[in-house]
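Working through the structure, step by step
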Amino acid sequence: MSTSTVTGADASGSPVPVLSFGPVVLSVPGRPVDLQVRVSAPATGTGLGVVLLSHGHGPSNNLSSLNGYAPLVDLWAAQGFVVVQPTHLTSRTLTHLVADAPGAPFFWRSRSEDMSHILDRLDVIEKAVPLLAGRIDPTKVAVAGHSFGGFTSSLLLGARVTDPDDGGEVSLLDPRIKAGVLLAAPGRGDVLNGPMADALPVFRTIDFSTMTTPALVVTGDKDDSRHFTDMGPDWHADPYTLSPGPKTLLTLFGAEHGLGGIAGYDAAETTDENPERVAALARLTSAYLRSRLHPGDPAWQTAYEALTTASDPVGRVESK
């Protein structure tokens, strides 16, 4: 069990101590290994909302686990959220343990179920983390996910898929989740023609028309995922384009799949390293979540106005 204290920043840029504690270990019946999560929270404050963060499936050994995404986690926690990061069964840190488990190697259903298990045990997590008891508001929950984590989050927000094994329609909607942030998430399945298309047949069946939960969809205008489709960067906007409102689309200028490097500080795998872009994205996503989970909070409107009036904006926003 490890505990560390890092420093984030509040909306004014002032340093805020953040407590990060993990792993918290949850035993889940039928799961081939225990579910481990990292919990990050501000050192002070009450009535804190919860953000469940689903990691992607990148090439690093540890970033695709509870150990990744510090550039986002540190700021979200500093701005008043309890961020819970599971290590999904897809993580390279678990490959040697789960290679032959049902659902391997992509565990698409298990990934979403991990998040619902966390919400089922939120009281246990709150008691396990030092200084956190009594500070969480369990009615204010959001989910965020990058890449494959965006697919995971889409299902929790209401998108449906067809199980490629039995042909049945699958809904993993969790009504406890009130908002979402989809970061470079996969789009529709009828345009898949890259080498990964056959490896993940469930991607071919996603239906965004049932994804009614409010969400911010974040894309990079240089994120061309040819291993899935030759549709180009617009593919990652499908969760916005093909779902009902209320939805918001944030398109980051010059961003590729790493969106500037959100998976980890100084990650060598980032093809478009841009710390300023990552910082701006962290601020914008935090503002969106604050306004969604705390109705009346002007954080998103303020951030949106700052973006649209900037002389050199990091991106553009549209909503429906």
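Higher on the page you've got the structure.
Residues numbered from 1 in each chain as written. Predicted model: local features only at pLDDT ≥ 70, side-chain atom pairs only at ≥ 80, totals over all residues. Heavy atoms only, no water.

**Quick word on the nonpolar core**
Condition: By convention a nonpolar core is built from buried Ala, Val, Leu, Ile, Met, Phe, Trp, Tyr and Cys residues, the set being connected through side-chain atoms within 4.5 Å. Remark: exposure states derive from per-residue accessible area (1.4 Å probe, protein chains only) relative to the maximum for the residue type, with buried under 20%, exposed over 50%, and partly exposed in between. In what follows, residue pairs with any heavy atoms lying within 4.5 Å of each other are defined as contacts.
Among the nonpolar cores identified, the biggest contains 54 residues, and Leu52, Val82 and Phe151 are the most heavily contacted of them. With residues near it in sequence (within four places) discarded, Val82 still touches Val39, Ser40, Ala41, Leu48, Gly49, Val50, Val51, Leu132 and Ile136. The next biggest cluster of nonpolar side chains, apart from the first, holds 38 residues, and it includes Leu72, Leu75, Ala267 and Ala299.

**A word on the pairing of strand 5 (residues 81-86)**
To keep things clear, this is the line we draw: Strands here mean DSSP runs of E at least two residues long; helices mean DSSP runs of H or I at least four residues long; both are numbered from the N terminus. One requirement defines pairing of two strands: DSSP has to find at least two bridges between them. The crossover handedness rule: strands pointing away from the viewer, path from first strand over the helix to second strand clockwise, crossover right-handed.
Counted residue by residue, strand 5 has 6 buried out of 6 residues, so it is predominantly covered. Side chains Phe81, Val83 and Gln85 of strand 5 all project onto a buried face; the interleaved residues Val82, Val84 and Pro86 project onto the opposite face, where all are buried too. Sheet topology places strand 3 (residues 35-42) next to strand 5; 4 bridges connect them, and they run antiparallel. Opposite Ser40, over in strand 5, you have Val83 as the bridge partner. Sheet analysis places strand 4 (residues 48-54) next to strand 5, joined by 4 bridges and oriented parallel. Bridge pairing in strand 5 places Val51 opposite Val83. Taken together, strand 4, helix 1 (residues 70-78) and strand 5 form a β-α-β motif whose crossover is right-handed.

**What about the environment of Asn274?**
Within the fold, Asn274 resides in the loop between strand 11 (247-252) and helix 7 (275-293). Judged by its relative accessible area of 22%, Asn274 falls in the partly exposed class.

**Some remarks on the pattern of salt bridges**
Selection rule: Salt bridges are counted wherever a side-chain nitrogen of Lys or Arg sits within 4 Å of a carboxyl oxygen of Asp or Glu.
Considering all chains together, one arrives at 11 salt bridges under this definition. Close ionic contact of Asp272 with Arg277 constitutes a salt bridge, the shortest N to O distance being 3.3 Å. Arg277 gets classed as buried once you look at its relative accessible area, which sits at 9%. Ionic contacts of the salt-bridge type, sharing partners, join the residues Asp120, Asp174 and Arg176 into one network.

**Things to note about unusual backbone geometry**
Following Gly22, the chain continues into Pro23 via a peptide bond in cis, with omega recorded as 0 degrees. Relative to the elements of secondary structure, Pro23 occurs in strand 2 (residues 15-26). Of note, the amide linkage connecting Gly245 to Pro246 takes the cis form, showing an omega dihedral of 0 degrees. In this structure, Leu131 is a non-glycine residue whose phi angle is positive, near 70 degrees. Relative to the helices and strands, Leu131 resides in the loop between helix 4 (122-128) and strand 6 (136-146).

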